[in-house]
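# Per-entry structural report
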Amino acid sequence: MELLESLKQKVTQKPMTLVFPEGNDERIVNATIRLASENLLTPIVLGKREEILKLSRTEQLPENLQILDPATYPAAAFEEMVAAFVARRNGKNTAEQAREMLKDVNYFGTMLVYLGKADGMVSGAIHATGDTVRPALQIIKTKPNVRRTSGAFLMLREDERYIFSDCAINIDPTAQDLAEIAVESAKTARLFDIDPKVALMSFSTKGSASSPVVDKVIEAVKLAKQLAPNEEIDGELQFDAAFVPSVAAKKAPDSKVAGHANVFVFPELQSGNIGYKIAQRLGGFEAVGPILQGLNQPVSDLSRGCDEEEIYKVSLITAAQAIDEE
Ligand SMILES: CC(C)(COP(=O)(O)OP(=O)(O)OC[C@H]1O[C@@H](n2cnc3c(N)ncnc32)[C@H](O)[C@@H]1OP(=O)(O)O)[C@@H](O)C(=O)NCCC(=O)NCCS
Ligand SMILES: CC(=O)OP(=O)(O)O
C-alpha cells in the first residue's frame, strides 16, 4: 500500500492528539489545519487564536483544531506542571528554574506529552534541533533498554524507501551507541514496511582500510549482532558495497546485507547529516524526519528547511509511533 495511505489507516485506528509548539509558523498552522480537516488527528497548536488565524489560508479554523495559549494557561494547572517537571528532573532543576524553562514552548509542549495531555509532539520548523529535542531528552527520556535517542530519516524516491541514521542527534557516537542506533533503526524501518537489512557504513569494506574510526564501526557491528541476533546487520561497508550488488560481489561476497542494504547507519553525525542532505538535494529523495528513535513517547524534530507537506507526513509518522508504542 502507498506509504501515506497506510499511515493514515494506522493513525485513524484511535483518536490521537499531537502538540505543535510553533503556532507562530505559517507552515505549521496550515499543516495542522489539513490534519484536522481530514480528521486524521487532533492538533493542539500553541499560540494565540487571532495570530494563528492570520497565518492560516482559511477563513475559519476546523473545530477539532485546539489552540492553547501558554500565557493564559490556568495557574493551578501550570503549578501542577511545575511540580511534575521538578519531580522528573529529580534534583536537577528547582521549581523556580522550572517556571522559567516552561516559558519555552518546547518545554511546555513536551510537558503536555509527559503529562498525557497529548500523545506526541512535532516541533523544530523554527527551532534548531538542540532546542527542540533537549526537553524530550530530559523529560520524556529513553526507553529502559535504550541509552541514547537518535534521529532517522525515511528517504523516499518513487517506490524506493530507505532509512538513514543517525542524521540528527549523536555527534560522535561510541561503538555501543552505534550498535543501539543500528538496532533501533531496524525497528524504525518496520514502521514503514521495510524489511530491514542494516549496513554500518565506513570508508572501509571488510578490512580494506585500517584506522581507529574503522575499528569503532567493526566493534559496533559485533555489539549490534549481540544486541539483536535475529536482525540482518553487517559492516563495515562502504556505501557502494552496501548498495550495489555488483560492487558487493567484489568487496564483500560473503555478506547477506551487502548489495541489498536498505537501512544505512552512518559512523558519526557529520557524515550522517551531510549524507542525507546530499541524497535529498542532489539525489531527488524526499527526506522525512528526523524521526527520533528510542524515546518513551514520540517527539519529532523537523528540519528548519521543511515544507508543509513534510510537516504533514512527520505528524502522521509521530502519531503512528504513538500507536505502535501502546
Ligand atoms: C542533542 C544535543 C542538543 C544534546 O546536547 P546538550 O543539551 O548539550 O547535551 P547535554 O550533554 O547537556 O545533555 C542534556 C540532557 O540530555 C541528555 N542527552 C543528551 N544526549 C542524549 C541522547 N542522544 N539521548 C538521550 N539523552 C541524551 C543528557 O543525559 C542530559 O540529561 P540531564 O539534563 O538529565 O542530565 C546535542 O547532542 C547536539 O547538539 N546534537 C546535534 C544536533 C544537531 O545540530 N543536529 C543537526 C541538525 S538535525
Ligand atoms: C535535521 C536537520 O539538519 O535540521 P536543520 O536543517 O534544522 O539543522
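The name given to the protein chain in an unreviewed UniProt entry is Phosphate acetyltransferase, with Ligilactobacillus apodemi DSM 16634 = JCM 16172 as the source organism. Looking at the protein chain in UniProt, the text filed under Pathway (unreviewed entry) is "Metabolic intermediate biosynthesis; acetyl-CoA biosynthesis; acetyl-CoA from acetate: step 2/2." If you open the UniProt record of the protein chain and go to Catalytic activity (unreviewed entry), you find "acetyl-CoA + phosphate = acetyl phosphate + CoA".

## Concerning the site of ligand 2
Lining the immediate surroundings of ligand 2 are Thr129, Phe153, Asn273, Tyr276, Lys277, Pro290, Ser303 and Arg304. Contact distances for ligand 2 include 2.9 Å between an oxygen atom and a side-chain N or O atom of lysine 277. Calculation on ligand 2 without its partners gives an accessible area of 270 Å², and the protein chains cover 86% of this total. The greatest single-element share of the shell around ligand 2, amounting to three residues, is contributed by helix α12 (residues 269–281). Class assignment for the residues of the shell around ligand 2 results in three nonpolar, three polar and two charged.

## Some details on the site of ligand 1
Taken together, 18 residues lie near ligand 1, and Arg89, Arg134, Thr149, Ala168 and Ile169 sit nearest. Here glutamine 138 contributes a side-chain N or O atom positioned 3.1 Å from an oxygen atom of ligand 1. Within the contact set of ligand 1, a nitrogen atom lies 2.9 Å away from a backbone nitrogen or oxygen of isoleucine 169. Out of a free accessible area of 940 Å², ligand 1 has 63% covered by protein chains. Of the residues forming the shell around ligand 1, the biggest block, six residues, is contributed by helix α7 (residues 129–140). When the residues that make up the shell around ligand 1 are grouped by side-chain class, the tally is six nonpolar, seven polar and five charged.

## Some thoughts on the UniProt feature "domain: Phosphate acetyl/butaryl transferase" (unreviewed entry) in the protein chain
The sites that UniProt annotates as "domain: Phosphate acetyl/butaryl transferase" (unreviewed entry) are residues 3–319. The distance separating the terminal C-alpha atoms of residues 3–319 is 14 Å; by composition the span is 45% helix and 17% strand.

## Quick word on the pairing of strand β6 (residues 160–165)
Side-chain positions along a regular strand alternate between the two faces of the sheet. Pairing geometry for strand β5 (residues 150–157) and β6, over five bridges, is antiparallel. Across the sheet, residue leucine 154 finds its bridge partner in β6, namely isoleucine 163. Where β5 hands over to β6, the hairpin turn is made up of two residues, of which glutamate 158 adopts a positive phi near 45°.

Reading guide: rules and limits
Residues numbered from 1 in each chain as written. Chains lettered and ligands numbered in written order. Predicted model: local features only at pLDDT ≥ 70, side-chain atom pairs only at ≥ 80, totals over all residues. Heavy atoms only, no water. UniProt positions renumbered as here; feature names shortened; annotations may be inferred. Near = heavy atom within 4 Å. Polar contact = N/O pair within 3.5 Å; in protein donor to acceptor, adjacent residues only side chain to side chain. Areas by Shrake-Rupley, 256 points an atom, 1.4 Å probe, with all protein chains shown as cover. Helix = DSSP H or I, 4+ residues; strand = E, 2+ residues; numbered from the N terminus. Nonpolar A, V, L, I, M, F, W, Y, C, P; charged D, E, K, R; others polar. Pairing = 2+ DSSP bridges.

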